[in-house]
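Per-entry structural report
Here is how the chains run, residue by residue.
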Amino acid sequence: MTSGTTPGLTRFNTSAEGDALAALHEVCASSAWGSKILAQRPYATADALFRASDAAMAELTAEDLAEAMAGHPPIGRPKEGDPTSSREQSGMAGASAELRAAMLELNLAYQDTFGHVFLICATGRTGEQMLDAIRERIGNPPEQEREIVRTELGKINRIRLTRLVETTEEENR
């Protein structure tokens, strides 16, 4: 991960407010999170941006977290035509029909239990690892699960922010 100033960070720091907010919304669907990050521009380094992201994530209310989660498709069903969603869920790409069926069933049970999609930082995880995680977490108390979701969202945001600040404008599309 980069820690200094990159062309992507410079682009983010100098872009029009509406463009920067749109880029942040692609990272995290929480408007509160995006507003907090936007308000602290410019960032001297990528690490400063990541610290601001972590701090903003820690301050999100339950409603803000719900808004952030609404921007994530269920594991095993990436948003059609969304390269970010497909890239992040690539561990499910080669999953067997049985694993996909089990994940779908548990996704639905999880959503019934908690009222939102099962959220996990899927980058680098296999389908089996994600299935194990949902099996483990489905029995959590709601308060514990909300904090796990907050942590997972923070991981996802860092990965997406890294991509934002390390890529050229063309690569970021």
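Overall, the coordinates contain 3 aromatic pairs when judged by the stated rule. Ring plane angle 25 degrees and centroid distance 6.4 Å describe the contact between F12 and Y43, whose orientation is recorded as stacked. With F12 in helix α1 (residues 7-14) and Y43 in the loop between α3 (31-39) and α4 (46-59), this pair connects stretches of sequence that are 31 residues apart. The pair F12 / Y43 is uniform in exposure class, with both members buried. Judged by centre distance (4.6 Å) and plane angle (45 degrees), the ring pair of Y110 and F114 falls under tilted. Note that Y110 and F114 are positioned in helix α7 (residues 97-114) at a spacing of 4 residues, about one turn of the helix. This pair shows no difference in class: Y110 is buried, exactly as F114 is. Here the aromatic cluster, defined as three or more aromatic residues joined through ring pairs, consists of Y110, F114 and F118. The ring of F12 is capped by R41, whose NZ or CZ atom sits 5.6 Å from the centre of that ring.

Cut-offs and rules
- Residues numbered from 1 in each chain as written.
- Predicted model: local features only at pLDDT ≥ 70, side-chain atom pairs only at ≥ 80, totals over all residues.
- Heavy atoms only, no water.
- Phe/Tyr/Trp six-rings, centres within 6.5 Å; stacked < 30°, edge-to-face > 60°.
- Helix = DSSP H or I, 4+ residues; strand = E, 2+ residues; numbered from the N terminus.
- Buried < 20%, exposed > 50% of the residue type's maximum accessible area, 1.4 Å probe, protein only.
- Lys NZ or Arg CZ within 6 Å of the ring centre and 35° of its normal.

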